[in-house]
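A structural walkthrough
What follows is each chain in one-letter form.
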Protein chains: 2
Amino acid sequence: MPKVGVILSGCGVFDGSEIQEASAALIALAQRGIEYRCMAPDIDFKVVDHLSGQETGEVRNVLTESARIARGKIDNLRDVKGVDYDAFILPGGFGAAKNLCTFAVDGAACSVNPDVDRVLKEAHDAGKPIGFICIAPALGAKIFGAQGARVTIGHDSGTAAAVVATGATHVEADAEDIVIDDTLNIVSTPAYMEAKNPAQVFEGISKLVEDIVTRSS
Amino acid sequence: MPKVGVILSGCGVFDGSEIQEASAALIALAQRGIEYRCMAPDIDFKVVDHLSGQETGEVRNVLTESARIARGKIDNLRDVKGVDYDAFILPGGFGAAKNLCTFAVDGAACSVNPDVDRVLKEAHDAGKPIGFICIAPALGAKIFGAQGARVTIGHDSGTAAAVVATGATHVEADAEDIVIDDTLNIVSTPAYMEAKNPAQVFEGISKLVEDIVTRSS
């Protein structure tokens, strides 16, 4: 059975990992008997009050807050090697576009956290599949766009244009759909970029997990 | 279709709502087409660093942090009436036993947050079913134990003894099981009190949601 690394970016849709998406991925993995391990970079981020939607001026740590989703069982991404896992999955949430890279601010010109970049390239070079959820495919596009990566972020034309500007191909999809790049071994699903409720999120992510697991077996 | 209130206690197993349990409940509700609304009390709590497991000395707000799970769509429990919903569900996590009541510290002698107490009694008096997950059945025992409530917190004998000391009856159960109190219209499941992975959590919570929804239809 494959072992999957789940790369988190905090804990909460507006400044970290989208919680329901991350939980859906963990449930879908466990339902298939797949061992997983959560991981996140040890970096600070700006807190958004999820009640008001406003930045508070407070700073928290991505690894420490991601540990909330992982129930404390989490690794510093610095210590992870791409070849240590059979596949990686990245849930969405603004953390994927603000903490793991700067796509939310800089679009196609964004920079990627060095450990995220390293781990995903190590995994890819070793032939491991990678699953990108929600806005995380924009991060995948930044890293693998020059190789012509084919991803979806749903139907949002502005975000899709920024994805295309990385060199990637964007494919529109609904919440329950997955888009497969067979050549690069990359799978993506829109989740809350399109989903109206957590059941749609779970359906799309379950398909992504099923495909990733089949590829990594 | 019934409308269900989900009472949260923060965001993270060690000082708030258990995230995977809360997400599992929301997914299971949405899969059945059930409308839900999250709610939490506007009170402070002591932060536990989920990486180290230690208290940090920091204080955060239960409502504000619960909003992370609810994607910002959440109500102050003070403004909720028990009769406004067809059923209530309370996920576990230490927040249910430290923020919604003081069971984690005081056991059967614990006090219950006044709005939690009020909303659940209003709902119960109006014949609405209530679902308690993980350690939350201890809170249910404190409120409804004098009426002979029948609940499970799994197999932990120490916690079960404290539950029994409220006047409630404790029934042992596994992660995938639910325990039904047909007289009081209360359903409980052990979730992470017993579960080894989020698939078991999802299975037990799905059964609880299915039963609650049937009762409130």
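As a reminder, the structure under discussion sits directly above these lines.
Now for a description of the structure that goes with this document. Keep in mind that this is a model prediction, so the values were computed, not measured. (Residues numbered from 1 in each chain as written. Chains lettered and ligands numbered in written order. Predicted model: local features only at pLDDT ≥ 70, side-chain atom pairs only at ≥ 80, totals over all residues. Heavy atoms only, no water.)

Re the packing of aromatic side chains
Scanning the model with the defined rule gives three aromatic pairs over all chains in all. The ring of B:Tyr192 carries the charged tip of A:Arg71 above its face, separated from the ring centre by 3.5 Å. (Phe/Tyr/Trp six-rings, centres within 6.5 Å; stacked < 30°, edge-to-face > 60°. Lys NZ or Arg CZ within 6 Å of the ring centre and 35° of its normal.)

Topic: the pattern of salt bridges
Pairing between side chains of opposite charge can happen when their charged atoms approach one another. Applying the stated rule across the entire model yields 30 salt bridges over all chains. Taking the shortest distance from any N to any O, the salt bridge between A:Glu18 and B:Arg71 comes out at 2.9 Å. With A:Glu18 in the loop between β1 (3-7) and α1 (19-31) and B:Arg71 in the loop between α2 (62-69) and β5 (74-76), this pair bridges two chains. Relative accessible area serves as the criterion here: at 0%, A:Glu18 is assigned to the buried category. One network of salt bridges, with partners in common, ties together A:Asp15, A:Glu58, A:Arg60, B:Glu65 and B:Arg68. (Salt bridge = Lys/Arg side-chain N within 4 Å of Asp/Glu carboxyl O. Helix = DSSP H or I, 4+ residues; strand = E, 2+ residues; numbered from the N terminus. Buried < 20%, exposed > 50% of the residue type's maximum accessible area, 1.4 Å probe, protein only.)

Overview of the side chain of B:Asn99
Residues and elements named next belong to chain B. Mapped onto the secondary structure, Asn99 falls in the loop between α3 (94-98) and α4 (103-106). Look at Asn99 and you get buried, because its relative accessible area is 12%. Polar side-chain contacts of Asn99 include one of 2.9 Å to the backbone oxygen of Ser9. With near-sequence residues (within four places) excluded, Asn99 lies in contact with Ser9, Asp15, Gly16, Ile43, Phe45, Val62, Phe94 and Asn113. (Polar contact = N/O pair within 3.5 Å; in protein donor to acceptor, adjacent residues only side chain to side chain. Contact = heavy atoms within 4.5 Å.)

Here's the deal with the sheet that holds strand β10 (residues 179-181) of chain B
All names here are of chain B. Strands sit in the order β5-β2-β1-β6-β7-β11-β10 across an open sheet of seven strands; the sheet is mixed. In this open sheet, the two edge strands, each paired with only one partner strand, are β5 and β10. With strand direction ignored, the average angle separating the axes of adjacent strands in the sheet is 25°. Sheet strands in contact with helix α8 (residues 198-216) are β6 (87-90), β7 (130-133), β10 and β11 (186-189), and its direction is about 170° off that of β11. (Pairing = 2+ DSSP bridges. Axes fitted to C-alpha atoms, helices over the stretch in contact; angles between N-to-C directions.)

A look at the side chain of B:Thr159
Residues and elements named next belong to chain B. Here Thr159 lies in helix α7 (residues 157-164). Here Asp156 takes part through its side chain, which lies 2.5 Å from a polar atom of the side chain of Thr159. Here Thr159 is in contact with Phe103, Ile135, Ile153 and Met193, once residues within four sequence places are set aside.

A few points about the packing of helix α5 (residues 114-125) of chain B against helix α6 (residues 136-144) of chain B
The axes of two packed helices give the description: the angle between them and the distance between them. Residues and elements named next belong to chain B. The contact between α5 and α6 brings their axes to 11 Å, and the two run at 70°. Viewed along their axes, α5 and α6 adopt a mutual orientation that is roughly perpendicular. Taken together, the residues of α6 that come into contact with α5 (itself represented by Val116, Asp117, Leu120, Lys121 and His124) are Leu139, Ile143 and Phe144. When grouped by side-chain class, the residues that make up the contact of α5 with α6 number five nonpolar, one polar and two charged. (Parallel < 35°, antiparallel > 145°, perpendicular 65-115°, else oblique. Nonpolar A, V, L, I, M, F, W, Y, C, P; charged D, E, K, R; others polar.)

Let's talk about helix α2 (residues 62-69) of chain A
Residue and element names in this part refer to chain A. With eight of eight residues buried, α2 lies mostly within the body of the structure. Within α2, burial applies to Val62, Leu63, Thr64, Glu65, Ser66, Ala67, Arg68 and Ile69. The backbone nitrogen of Leu63 lies 2.8 Å from a side-chain oxygen of the residue at the head of α2, namely Asn61. Positive phi shows up at Arg71, right after α2, with a value of about 55°.

A few points about the sheet that holds strand β7 (residues 130-133) of chain A
Two modes of strand pairing occur in sheets, parallel and antiparallel, and in both the strands are linked by backbone hydrogen bonds. All names here are of chain A. Taken together, the seven strands give an open sheet; going across it, the order is β5-β2-β1-β6-β7-β11-β10, and neighbouring strands pair in mixed fashion. Unpaired on one side and paired on the other, β5 (74-76) and β10 (179-181) mark the two borders of the sheet. Averaged over all pairs of adjacent strands, the angle between their axes in this sheet comes to 25°, without regard to strand direction. As paired elements, β1 and strand β6 (residues 87-90) share three bridges and run parallel to each other. The residue bridging Gly5 from the neighbouring strand is Phe88, located in β6. Docked against the sheet, α2 engages β2 (35-40) and β5, running at close to 165° with respect to β5.

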